[in-house]
Amino acid sequence: QVQLVESGGGLVQPGGSLRLSCAASGFTFSRYFMSWYRQAPGKERELVAAITNRGMAINYADSVKDRFTISRDNAVNTVYLQMNSLKSDDTAVYYCYAQPYDAKGDDYWGQGTQVTVSS
C-alpha cells in the first residue's frame, strides 16, 4: 500500500522555524519527483517547492525563496521542507506530492499537515 505521511506541522510564532517531513512507502521513491504544496482557506493550492528524483534540480515559489529549503534522502524514502523566517502568510495545510519522473505511473498525495504562524 502506498503511503505519504507528513509530520512536523504545528503552531509557531512569526520569525520561527519548522521542519516538515514526508515519509514514503509502497512505491519506488527514487523514481519520483517530490513536491510540497500548500493551501490556505479560500485560496488555490500552490506549489511551494519541488525536487527531482535524484535531487539534481530544485525549484521554489518566489514567495518562499531564501527562506525554505527542500531536500530528500532516498536511503530513507523521505523528503523534507525546512521553513525559516515564517510569517502569517505561510499559514496553510502543507501537502506532500509524488510524481513519477516518466509520467507512466500513478501520482500520490499525502494527507496534509497544518502549519499555523501566529503570535
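Check the entry above for the structure.
In short, a report on the structure. These figures come from a predicted structure and were not determined experimentally.

1. Structural notes on the packing of aromatic side chains
Working step 1: Tallying each qualifying case throughout the model produces eight aromatic pairs.
Working step 2: When the centroid spacing of 5.2 Å and the interplanar angle of 35 degrees are considered together, the rings of F27 and Y108 count as tilted. Linking F27 in the loop between β3 (18–25) and β4 (32–39) with Y108 in strand β10 (residues 108–109), this pair joins segments that are 81 residues apart in sequence. The pair F27 / Y108 is uniform in exposure class, with both members buried.
Working step 3: Here a set of aromatic residues connected by ring pairs shows up, and it is made of F27, F29, Y32 and Y108.

2. Digging into the sheet that holds β3
One key point about sheets: their strands pair by backbone hydrogen bonds, in either a parallel or an antiparallel sense.
Working step 1: Within the open sheet, the four strands sit side by side as β1-β3-β8-β7. Their pairing is antiparallel. Single-partner strands in this sheet number two, and they are β1 (3–7) and β7 (68–73). Averaged over all neighbouring strand pairs, the angle between strand axes comes to 15 degrees, with direction disregarded.
Working step 2: Looking at chain direction, β3 and strand β8 (residues 78–83) are connected through six bridges and run antiparallel. Counted as the bridge partner of R19 is Q82 from β8.

3. Focus: the nonpolar core
Working step 1: Membership of the largest hydrophobic core comes to 30 residues, with the highest contact counts inside it found for L4, M34, W36, V79, L81, M83 and Y94.
Working step 2: With sequence-adjacent residues up to four places away left out, M83 is seen in contact with G16, S17, L18, L20, R67, F68, Y94 and V115.

4. A look at the environment of T78
Working step 1: Locating T78 in the fold gives a position in strand β8.
Working step 2: Separated by 44 residues in the primary sequence, T78 and M34 place their C-alpha atoms 9.4 Å from one another.
Working step 3: In this structure, T78 is in contact with S21, C22, A23, F29, S71, R72 and D73, ignoring residues within four places of it in sequence.
Working step 4: Within the structure, T78 has its side chain in polar contact with the backbone oxygen of V76 (distance 2.9 Å).

5. With respect to the pairing of strand β9 (residues 92–100)
Working step 1: The element β9 is largely enclosed, with a buried count of eight among its nine residues.
Working step 2: For β9 and strand β11 (residues 113–117), the ladder comprises three bridges, and the chain directions are antiparallel. Among the inter-strand pairings, Y94 is bridged to a residue of β11, identified as T113.
Working step 3: Direction of pairing for β9 relative to β10: antiparallel, over a ladder of two bridges. Bridging from a neighbouring strand, A98 pairs with Y108 of β10.

6. With respect to the pattern of salt bridges
Working step 1: Within this structure, the stated rule accounts for four salt bridges.
Working step 2: Across the pair E46 and R38 runs a salt bridge, and its minimum N-O distance is 2.7 Å.
Working step 3: For E46, a relative accessible area of 33% translates into the label partly exposed.
Working step 4: Across the salt bridge formed by R67 and D90, the nearest N and O atoms sit 2.8 Å from each other.

Cut-offs applied
- Residues numbered from 1 in each chain as written.
- Predicted model: local features only at pLDDT ≥ 70, side-chain atom pairs only at ≥ 80, totals over all residues.
- Heavy atoms only, no water.
- Phe/Tyr/Trp six-rings, centres within 6.5 Å; stacked < 30°, edge-to-face > 60°.
- Helix = DSSP H or I, 4+ residues; strand = E, 2+ residues; numbered from the N terminus.
- Buried < 20%, exposed > 50% of the residue type's maximum accessible area, 1.4 Å probe, protein only.
- Pairing = 2+ DSSP bridges.
- Axes fitted to C-alpha atoms, helices over the stretch in contact; angles between N-to-C directions.
- Core = buried A, V, L, I, M, F, W, Y, C linked by side-chain atoms within 4.5 Å.
- Contact = heavy atoms within 4.5 Å.
- Polar contact = N/O pair within 3.5 Å; in protein donor to acceptor, adjacent residues only side chain to side chain.
- Salt bridge = Lys/Arg side-chain N within 4 Å of Asp/Glu carboxyl O.

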